[in-house]
Amino acid sequence: MTPEDRFPGPEQPHSGPRHQPDLDVLPYGSYYEPAEPPAGYGYDETHSGFGGAHYLEQHWPGATHQPVAAHPGDGHDEPASAVPAAAHEDPPTIELGPPLAEQQVHFPYPQPEPGEAPGPLYVIGDVHGYLDELRTALQQHGLIDAEGHWSAGRSRVWFLGDFTDRGPDGIGVIDLVMQLAAEAAAAGGYCRALMGNHELLFLGASRYGDEPVQSTAGTASFLAAWRLNGGQQHDLDRLEPHHVSWLSRLPAMALEDGHLLLHSDTTAYLEYGESIAAVNDAVHDLLADEGADEWWDCFRRFTKRFAFRGDSGPAAVHELLSAYGGYRVVHGHSPIPYLTGAVHNDDGAPPHVPGPYIYAEELAIAMDGGVTMEGRLLVARLPLN
Ligand SMILES: [Mn+2]
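Residues numbered from 1 in each chain as written. Predicted model: local features only at pLDDT ≥ 70, side-chain atom pairs only at ≥ 80, totals over all residues. Heavy atoms only, no water.

The chain has the name Metallophosphoesterase in an unreviewed UniProt entry, where Kitasatospora paranensis is given as its organism.

Written as structure tokens, this is what we have:
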């Protein structure tokens, strides 16, 4: 029995390698990897105006990949070029133009008009493979339509990390988020994601497997730790290079509208840099260049939790805000029932999670509703009062 047999999931015509669609009808920003990459294809580093974080976005230059909606009234579709590398505005002549490496990749998405306010801001807590619950929550907030496509226009959506492990379809969740990132970009909004500790664990299990790593608790391995923490073999079996590429480049933190977005409720981010860009660069460099021990150390630090609880919590939040900016931290990672102590009900009923949890003198918002413990997958529009 294959993993797909056990977890068939809903029909997802645009959600991944199982149903490779026609590349010519994909919107800009698509992550699908063609056999012959067109010129300029790949990740371009885009410097965002939001908090100095670096975002890596895949740009898809060339007229052959215009979304259909961008040509109302054309009457006919652009003929697909057999050679995407030659795609630019004018038909090729004997004059070949500048070398490909010098051609500018134009930012192809609809951009806000000058003075136009940015779209509404949403954050989404830990998903942990619960694809059906994610689709339901996104649809309830009007972020996707009944077919699972982006319907939120210029909205700005941030996932707070931890896409896989414990739940039934982690790869399906990654595929959906990657698809929405492409569709949101085409609509002039965006859908972005932070690196959670389970991304580090999953990537480590894929890259280093059983290789021993130095742990404070003795010898460990990523694969063993991943399995102990809910790793699902069918997710590892379906992990493809484009997933690894995307996951490895997720930022660890971001600042949006005065909200410092983190996966984990820890001050360990300060050990990686004094600015958001420095932290994100350090984690990217570590994942690109360092070995299993350094990966493990990073995983261990980003698995810490509960720094914002109790009497010392507000000071810990202030330490982060003074370094990185913002007036509030928004995090996932620690399920709200654990933060509130509402895990154990006398009658054995699932924990009650009414919504995001504001605490630490209102300096912190917890967004992990505990979907893995029959809580809720939380989506919230910021700011919260
Ligand atoms: Mn986590």
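1. Structural notes on the sheet that holds strand β13 (residues 379-382)
Across the sheet, four strands lie side by side as β5-β4-β3-β13; this open sheet has mixed pairing. The open sheet has two edge strands, β5 (190-193) and β13, and neither has a second partner. Shown here is a sheet whose adjacent strand axes are inclined to one another by a mean of 20 degrees, direction ignored. Strand direction decides the pairing type here: strand β3 (residues 121-124) and strand β4 (residues 156-159), joined by four bridges, are parallel. Along β4, the bridge assignment pairs Leu-121 with Arg-156. (Pairing = 2+ DSSP bridges. Helix = DSSP H or I, 4+ residues; strand = E, 2+ residues; numbered from the N terminus. Axes fitted to C-alpha atoms, helices over the stretch in contact; angles between N-to-C directions.)

2. Comments concerning the coordination of the manganese ion
Here the manganese ion is held by Asp-162 (OD), Asn-197 (OD1), His-263 (NE2) and His-333 (ND1), and the distances to it run 2.1 to 2.3 Å. Sequence positions of the donors to the manganese ion reduce to the motif D-x34-N-x65-H-x69-H. Placement of the pair is Asn-197 in helix α4 (residues 197-208) and His-263 in the loop between β9 (259-262) and α8 (276-289), with a sequence separation of 66 residues. (Donors = N, O, S within 2.8 Å, 3.2 Å for Na, K, Ca; no water.)

3. As for the pairing of strand β10 (residues 328-331)
Residue alternation in β10 divides its side chains into two sets, Arg-328 and Val-330 and Val-329 and His-331, and both sets are buried. Pairing of β9 with β10 involves four bridges; the strand directions are parallel. Opposite Leu-261, over in β10, you have Val-330 as the bridge partner. (Buried < 20%, exposed > 50% of the residue type's maximum accessible area, 1.4 Å probe, protein only.)

4. Describing the pairing of β9
Of the two faces of β9, the one carrying His-259 and Leu-261 and the one carrying Leu-260 and Leu-262 are both buried. Summarising the sheet, strand β8 (residues 253-256) and β9 pair through four bridges and their orientation is antiparallel. Bridge pairing in β9 links Met-253 to Leu-262.

5. Looking at the pattern of salt bridges
Counting across every chain of the model gives eight salt bridges. Linking Asp-169 and Arg-238 is a salt bridge whose minimum nitrogen-to-oxygen distance equals 2.6 Å. Of this pair, Asp-169 sits in the loop between β4 and α3 (170-186) while Arg-238 sits in helix α6 (residues 233-238); the two residues are 69 residues apart in sequence, bridging distant segments of the chain. Across the pair, exposure class does not vary: Asp-169 and Arg-238 are buried alike. The shortest N-O distance in the salt bridge between Asp-235 and Arg-238 comes to 3.5 Å. Here Asp-235 and its partner Arg-238 are both found in helix α6, three residues apart, which amounts to about one turn of the helix. Taken together, the shared-partner salt bridges connect Glu-271, Asp-297, Arg-300 and Arg-301 into one network. (Salt bridge = Lys/Arg side-chain N within 4 Å of Asp/Glu carboxyl O.)

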